[in-house]
Amino acid sequence: MRSLLWLAVVGLAVAEDGLAAWLRYARVPSASRHLGKLPSAVVTLNATKGYPVHTAGQELVDGIGGLFGKKLTVAKSKPKGTTATVGTVSAYVDKNPSAAKGLPDLVEDGFYLKISKGNVLILGQNERGALYGAFHYLSVIAQGNVSDFTLTSNPDAPVRWVNQWDNMQDGGTHGSVERGYGGDSIFFWDGHIREDLTRAGQYARLLASIGINAVVANNVNANASILTPENMDGLARIADVFRPYGVQLGVSLNFAAPQLLGGLDTFDPLDKTVVNWWQGIADNLYKRIPDMAGYLVKANSEGQPGPMTYNRTLADGANLFARTLKPHGGIILFRAFVYDHRSLNQTLDWKADRANAAVDYFDGLDDKFEDNVVIQIKYGPIDFQVREPVSPLFTHLRRTGATVELQITQEYLGQQAHVVYLAPMWKELLDFDLRVDSKPSTLKSIVSGKRFGQKLTGYAGVVNVGTNTTWLGSHLAMSNLYAYGKLAWDPEQTSTGILKEWTTLTFGHDKLVHDVITKISMESWPAYEDYSGNLGIQTLTDILLGHYGPNPGSQDGNPWGQWTRADDDTIGMDRTVWNGTGFAGQYPPEIAAMYENIETTPDNLLLWFHHVPYTQKLKSGKTVIQHFYDAHYKGSATAQTFVTLWEKLKGRIDKERYEHVLFRLIYQAGHSLVWRDSVNQFYFNKSGIPDELGRVGNHKYRIEAEEMELKGYKSYRVSPFEAASGYHCVVTETNSTVGTATTKLKVPSGKYDLAVNYYDMALGNSTWELFVDRKLVGKWKGDLEYELGRAPSPYIDGQTAARKTFRGVRVKKGSELKVVGRPDGLEPAPIDYISVLPEGTVD
Ligand code: GCV
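Residues numbered from 1 in each chain as written. Predicted model: local features only at pLDDT ≥ 70, side-chain atom pairs only at ≥ 80, totals over all residues. Heavy atoms only, no water.

(A) Highlighting the overall build of the chain. In terms of regular secondary structure, the chain is built from 20 helices and 29 strands. The C-alpha radius of gyration computed for the chain amounts to 28 Å, which stays within 12% of the reference 28 Å derived for 843 residues, consistent with globular compactness. Oriented by its inertia axes, the alpha-carbon framework of the chain measures out at about 90 × 75 × 55 Å. Looking at the chain residue by residue over its 843 residues, the buried ones come to 63%. Sequence separation of at least 24 residues holds for 74% of the intrachain contacts in the chain that already meet a minimum separation of 6. Total accessible area computed for the chain in this model is approximately 30900 Å², and 52% of it derives from carbon and sulfur atoms. Here the chain holds 86 positive side-chain charges and 91 negative ones, and the gap between their average locations is 8 Å. (Helix = DSSP H or I, 4+ residues; strand = E, 2+ residues; numbered from the N terminus. Rg over C-alpha atoms; globule rule 2.2 N^0.38 Å. Buried < 20%, exposed > 50% of the residue type's maximum accessible area, 1.4 Å probe, protein only. Contact = heavy atoms within 4.5 Å. Areas by Shrake-Rupley, 256 points an atom, 1.4 Å probe, with all protein chains shown as cover. Lys, Arg positive; Asp, Glu negative; His and termini not counted. Charge placed at Lys NZ, Arg CZ, Asp CG, Glu CD.)

Below, the structure written as structure tokens:
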């Protein structure tokens with residue numbers, strides 16, 4: 001009872017499951033001291049229930065109540081005492097005509113804030129802007145700042161959308177949310193729109209608080225059945241729960257829907273019956289959702305139908321929809337992610353290059369699009385890799401507006417099982433100067449519309465939250481969603497500044513908590529790049545399966561085009577004009593010249609643009625291969641420090657989130673070693689060039705499971721070979737045999753960390769027990785598929801390889817070390833090796 005009271009006094013939320021994310025409204029330190037500087041009542045101007053100004057009033061009451069324990073009332077006209085007045089500029093000016101002159105110019109969705117001696121004025125250019133202003137004020141006071149200030153804030157770009165890749169139906173290759181690692185869809189189930197859309201409303205609230213104005217709820221790999229009358233009614237229900245937050249609904253379309261759903265014998269975009277069919281769809285949608293944002297379309301890409309099926313241009317395809325939306329005020333985001341994954345041939349054609357596709361397809365179409373078409377372009381020319389140059393297509397569209405597509409869900413970047421704070425990467429991309437016509441042309445100036453003067457430009461972020469209370473599957477990953485919204489509003493904000501805000505709102509004010517989260521987050525992208533794919537070679541993940549664990553060999557020899565062209569002596573894509581695929585020539589001359597020349601290409605993109613020997617010297621003086629080895633050791637060593645850093649926070653944040661994050665960081669530390677060893681082993685094997693420091697292939701603390709005394713276990717050659725230490729692991733002889741692997745330790749007596757590398761497949765839940773001299777050290781289950789949302793894999797490979805560590809175990813010289821594995825289902829309790837590590841060592 002006493003502890004409950006204490007919790008109430010210090011204002012700690014009891015269930016910190018992540019659902020409230022950064023909108024926890026947890027009590028600020030010394031809250032009672034600030035009460036005099038806060039409003040006592042809220043006045044909402046022209047508020048209608050279910051619309052943003054009304055919501056803003058409610059948020060102010062809830063926010064100030066939670067943050068400071070001060071109960072506010074909502075009034076329609078001015079009560080006595082200090083007030084927070086919130087509404088649109090026009091509603092305010094109607095009541096106070098003389099105030100008009102003193103107000104700043106606001107663009108759509110912008111807001112004005114004036115805080116003076118406890119009186120707060122929050123005005124939006126529109127209702128949505130008023131809500132944004134209220135959220136901004138609450139964020140400022142939640143960070144402990146109750147001083148007077150005045151602020152005019154306008155968004156950098158009008159399009160600030162998020163995309164969800166939610167499927168109508170669970171199952172299949174991608175389950176409920178394609179590339180989603182936070183549970184099932186919050187929108188759809190069993191082919192329909194969910195009855196209970198509470199989570200959809202909560203999502204809209206989070207998004208509104210960071211300035212997002214639209215959500216495309218269904219996957220770009222769209223199911224035509226989204227457009228049945230019943231599902232359109234369902235979409236209208238989603239729009240209803242979004243509306244109070246000023247979030248508009250967008251819909252992804254399947255280009256072949258006239259045929260698949262409408263029963264027509266064609267989906268040719270120039271066919272009159274097709275045009276009429278789509279007009280009917282638009283009219284029917286807008287009848288139900290008058291404020292619908294518009295459409296998102298993926299066409300002629302990865303098996304999706306599109307206009308090119310009928311030899312029509314991509315502009316013909318986009319304009320078909322644009323024209324049907326125009327009478328309703330909607331816009332279409334048409335994706336530039338167009339390429340043919342079937343015909344690219346690496347062996348026959350040195351010049352073949354998937355990276356060329358977007359410019360090849362879109363060049364010459366700039367002035368052909370309707371003015372409500374926006375081209376949505378992934379930040380790099382391939383696919384959300386750990387390092388890519390900015391897509392050159394941004395420089396080819398001067399009349400038609402573009403959005404940059406960023407990925408919050410970490411498809412190729414650790415799937416939320418690895419912490420990777422993405423704001424620093426996004427900042428680098430946005431700040432990159434593309435030098436169009438030899439003039440400053442940063443990506444951010446292009447997507448704000450300032451560089452070329454287009455009206456419709458901005459940002460699209462693939463988020464893929466799910467029903468998990470953490471939204472993305474990991475508490476720390478939520479800083480990426482927060483940062484996405486903040487940068488889309490104002491790309492000048494810094495990665496650390498955004499992180500500081502997010503940390504305060506999410507975890508509170510403790511300095512140590514801030515220091516730790518900042519250090520982990522800011523080191524996370526460089527570390528991940530170091531252990532997953534260096535020098536612009538891309539994330540060396542398994543591109544044919546889950547896009548998660550290491551599998552460098554999977555990049556080449558298939559038409560997906562994420563090639564490295566690694567052979568025994570050389571590596572990298574030659575994208576030069578003089579000798580390669582010509583991709584470098586798609587940039588404006590200054591940038592093209594920089595990438596064309598190996599001397600002026602930055603090291604971190606060397607292998608993106610050039611095909612070189614492993615012995616090629618970098619600017620650092622290292623060879624390519626030695627850089628690979630060193631970077632993989634460095635990155636994985638950094639990942640180990642995340643665990644010890646986080647452990648400093650024990651007792652300083654709530655137990656629930658502390659444990660949740662710790663579990664993931666421990667897992668990441670182990671998996672970073674899997675990455676390190678797989679990639680190093682792979683290139684050592686290919687190149688035959690040894691590591692100057694003698695680490696690769698030499699692991700003196702390891703005992704290979706296949707070299708232990710086996711009973712019920714047998715040796716198994718792993719594929720790909722590099723995913724196992726010594727290329728082999730052990731598996732139980734049958735699905736029901738209990739296996740034991742035993743050995744005598746030769747190390748001097750003392751305390752050691754015992755690390756067992758095993759494989760946790762999605763085919764069962766084996767159990768393992770580790771004994772020293774017949775005493776149980778620990779027991780664990782192969783159930784990571786329930787704990788981590790990352791892509792499940794049925795194989796013994798780099799996706800499923802994991803590590804379990806027991807720290808500070810006493811052993812004697814000659815002690816018996818034994819692992820007992822009990823298979824379950826089709827998972828044969830696989831073990832790779834056991835490391836007996838002197839304390840403080842990791843290998
Ligand atoms: C929605 C990548 C992903 C696909 C995704 C596609 C896209 O290829 O792996 O899952 O499909 O990009 O962006 O359309």
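(B) View of the site of the ligand. Around the ligand, a shell composed of 14 residues is seen, among which E178, K298, R335, K378 and E411 lie nearest. Note that an oxygen atom of the ligand is positioned 2.6 Å from one of the side-chain N or O atoms of R335. In this structure, an oxygen atom belonging to the ligand sits 2.5 Å away from a side-chain N or O atom of E411. Protein contacts shield 97% of the accessible area of the ligand, which totals 330 Å² for the unbound molecule. Within the shell around the ligand, the residues separate by chemical class into 3 nonpolar, 3 polar and 8 charged. (Near = heavy atom within 4 Å. Polar contact = N/O pair within 3.5 Å; in protein donor to acceptor, adjacent residues only side chain to side chain. Nonpolar A, V, L, I, M, F, W, Y, C, P; charged D, E, K, R; others polar.)

(C) Local environment of the pairing of strand β10 (residues 214-218). Where burial is concerned, most of β10 is hidden: 5 out of the 5 residues are buried. Bridging between strand β7 (residues 159-166) and β10 involves 4 bridges; their strand directions are parallel. Opposite V162, over in β10, you have V215 as the bridge partner. Examined bridge by bridge, β10 and strand β11 (residues 248-253) share 3 bridges and lie parallel to one another. Pairing of A214 across the sheet is with Q248, part of β11. Chirality of the crossover, the property in question, places the unit of β10, helix α6 (residues 229-242) and β11 among those that are right-handed. (Pairing = 2+ DSSP bridges. Right-handed = clockwise from strand over helix to strand, strands pointing away.)

(D) Seen up close, unusual backbone geometry. Following S719, the chain continues into P720 via a peptide bond in cis, with omega recorded as 0 degrees. For P720, the location among the structural elements is in the loop between β21 (713-717) and β22 (728-732). If you check the backbone angles, D190 has positive phi at about 55 degrees while not being a glycine. Relative to the helices and strands, D190 is located in the loop between β8 (188-189) and β9 (192-193). Here the phi dihedral of Y727 falls at roughly 65 degrees; this positive angle occurs in a residue that is not glycine.

(E) Spatial organisation of the packing of helix α8 (residues 272-288) against helix α9 (residues 314-325). Interhelical geometry of α8 versus α9 gives an angle of 45 degrees and a closest axis separation of 9 Å. The pairing of α8 with α9 is recorded here as oblique in orientation. Handedness of the α8/α9 crossing: right-handed. In contact with V274, V275, W278, Q279, A282 and Y286 of α8, α9 contributes L320, F321, R323, T324 and L325. Here the contact of α8 with α9 is composed, by residue class, of 8 nonpolar, 2 polar and 1 charged. (Axes fitted to C-alpha atoms, helices over the stretch in contact; angles between N-to-C directions. Parallel < 35°, antiparallel > 145°, perpendicular 65-115°, else oblique. Left-handed = near helix turned anticlockwise from the far one by under 90°.)

(F) Inspection of the sheet that holds strand β2 (residues 73-75) at higher detail. Taken in spatial order, the 6 strands make up an open sheet running β2-β1-β3-β5-β4-β6, and their pairing is mixed. Both edges of this open sheet fall to β2 and β6 (149-153), since each of them pairs with a single strand only. Here the strands of the sheet are splayed against their neighbours by 15 degrees on average, with no regard to which way each runs. Pairing of strand β1 (residues 41-44) with β2 involves 3 bridges; the strand directions are parallel. Paired with V43 across the two strands is A75, which belongs to β2.

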